[in-house]
Amino acid sequence: MKLVDAPGKITTGRPLKPFGIVVHHTASNKYANPDNVIAMCIRGVNKVPGPLYNYLIKGDGTIVKLTTSKIKANHAGRGLQSVLTRIQKNLPVLGNAENLGRITANSRFIGVSIINDGLGEKVPETQMDALVDLCAFLCDGHKWNPGVSVIGHKEWTARKVDPSFSMPELRGMISRRMITDTPTMVLPKEPEDGRVLF
């Protein structure tokens, strides 16, 4: 996993106490210079101040850390209380959101975005691989179940369509990549006398 700090990484701000991840795409022009997209996500856009995400993933798979780990990003916007409640109860979301929602929960979710226009731009394998690696790393570190704690922006609010790929497939890939999901073999203790009974 190639992780780098963004120039001008945000180190102060409102606290982040997460219990999940919201996955996004930036909806930036596919011809935009990735460094310009990173700068935009640090400073913010329109009436939304930066940082816009906690992590941004470039097409080459480089993961750019936009904030320190305890700083909230302005990424999710208003969404559904029912989604938040399901995650808090360790229940999976029920698919794409059907309503806009009224609550904000940026302080409860880590924002992870790929640089992608969301209008049919192909997601390179290196970028998807980095997304899976990062989400698996975060889920392992927080002891989260990705089947519950990783959601798409489109599952948080009907205002959004990102990301453009299947969230159930992404969650499956994250589960398979997690260290804590690696099966361990526990052998029975050998008898002290060395004899094995059949």
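Residues numbered from 1 in each chain as written. Predicted model: local features only at pLDDT ≥ 70, side-chain atom pairs only at ≥ 80, totals over all residues. Heavy atoms only, no water.

(A) Main features of the packing of aromatic side chains. For the structure on display, the rule yields two aromatic pairs. Aromatic side chains Phe 19 and Phe 109 sit 5.6 Å apart centroid to centroid with 70° between the ring planes, which places their arrangement in the edge-to-face category. Taken together, the residues Phe 19 in the loop between β1 (3–10) and β2 (20–25) and Phe 109 in strand β9 (residues 109–114) connect sequence positions 90 residues apart. One exposure class covers both Phe 19 and Phe 109, and it is buried. Note on Phe 109 and Trp 156: the rings are 5.6 Å apart at their centroids and 65° apart in plane angle, and the pair reads as edge-to-face. Highlighted residues: Phe 109 in strand β9 and Trp 156 in helix α5 (residues 153–156), separated in sequence by 47 residues. Summarising the burial analysis for this pair, Phe 109 and Trp 156 share the class buried. Pairwise contacts between aromatic rings join Phe 19, Phe 109 and Trp 156 into one cluster. (Phe/Tyr/Trp six-rings, centres within 6.5 Å; stacked < 30°, edge-to-face > 60°. Helix = DSSP H or I, 4+ residues; strand = E, 2+ residues; numbered from the N terminus. Buried < 20%, exposed > 50% of the residue type's maximum accessible area, 1.4 Å probe, protein only.)

(B) Inspection of the pattern of salt bridges at higher detail. All told, the structure shown has five salt bridges when counted by the stated rule. With a closest N to O distance of 3.2 Å, Asp 5 and Lys 9 form a salt bridge. Lys 9 gets classed as partly exposed once you look at its relative accessible area, which sits at 23%. Within the structure, one salt-bridge network assembled from shared partners comprises Asp 129, Asp 133 and Arg 177. (Salt bridge = Lys/Arg side-chain N within 4 Å of Asp/Glu carboxyl O.)

(C) Representation of helix α3 (residues 125–142) in the model. The end-to-end C-alpha distance of α3, which contains 18 residues, comes to 26 Å, matching closely the 26 Å that a straight helix rising 1.5 Å per residue would cover. Gln 127, Met 128, Ala 130, Leu 131, Val 132, Leu 134, Cys 135, Ala 136, Leu 138, Cys 139 and Asp 140 are the residues of α3 that are buried. Once α3 ends, the next one or two residues include Lys 143, with phi positive near 60°. (Expected span 1.5 Å × (residues − 1).)

(D) Spatial organisation of the nonpolar core. By size, the foremost hydrophobic cluster in this structure holds 40 residues, and its most contacted members are Ile 21 and Leu 131. Sorting the residues of this core by element identifies β2, β5 (55–57), α2 (81–88), β9, α3, β10 (150–152) and α6 (167–177) as the ones contributing at least two each. Ranked by residues supplied to this core, first place goes to α3 with nine residues. With 13 residues, the next largest nonpolar core counts Ala 6, Val 37, Leu 52 and Ile 71 among its residues. (Core = buried A, V, L, I, M, F, W, Y, C linked by side-chain atoms within 4.5 Å.)

(E) Seen up close, the layout of surface pockets. By volume, the largest pocket is sized at about 550 Å³. Together, 25 residues line the largest pocket, and Tyr 53, Asn 74, His 75, His 153 and Lys 160 are the ones closest to its centre. Elements represented by at least two residues in the lining of the largest pocket include exactly β2, α1 (34–43) and β4 (48–49). Classifying every residue of the lining of the largest pocket by side-chain character gives 10 nonpolar, 10 polar and five charged. When its volume is computed, the second largest pocket comes out at roughly 180 Å³. For the second largest pocket, the full set of lining residues is Leu 80, Ser 82, Val 83, Arg 86, Val 93, Leu 94, Gly 95, Asn 96, Ala 97, Glu 98, Asn 99 and Glu 155. At three residues, α2 tops the list of elements feeding residues into the lining of the second largest pocket. Grouping the constituent residues of the lining of the second largest pocket by class yields five nonpolar, four polar and three charged. (1 Å grid on protein atoms, 1.4 Å probe; cavity = no way out; pocket = protein on both sides within 12 Å on 5 of 7 lines; lining within 4 Å. Points joined across faces, edges and corners; volume = space filled by probe spheres on them. Nonpolar A, V, L, I, M, F, W, Y, C, P; charged D, E, K, R; others polar.)

(F) Structural detail: the packing of α3 against α6. Across the interface, α3 lies against α6 with an axial gap of 8 Å and an inter-helix angle of 60°. It follows that α3 is oblique to α6 by the angle criterion. The crossing of α3 and α6 is right-handed. Residue-level inspection shows Met 128, Asp 129, Leu 131, Val 132, Asp 133, Cys 135, Ala 136 and Cys 139 of α3 in contact with α6, the latter providing Leu 170, Met 173, Ile 174 and Arg 177. The class makeup of the residues in the contact of α3 with α6 is nine nonpolar, no polar and three charged. (Axes fitted to C-alpha atoms, helices over the stretch in contact; angles between N-to-C directions. Parallel < 35°, antiparallel > 145°, perpendicular 65-115°, else oblique. Left-handed = near helix turned anticlockwise from the far one by under 90°. Contact = heavy atoms within 4.5 Å.)

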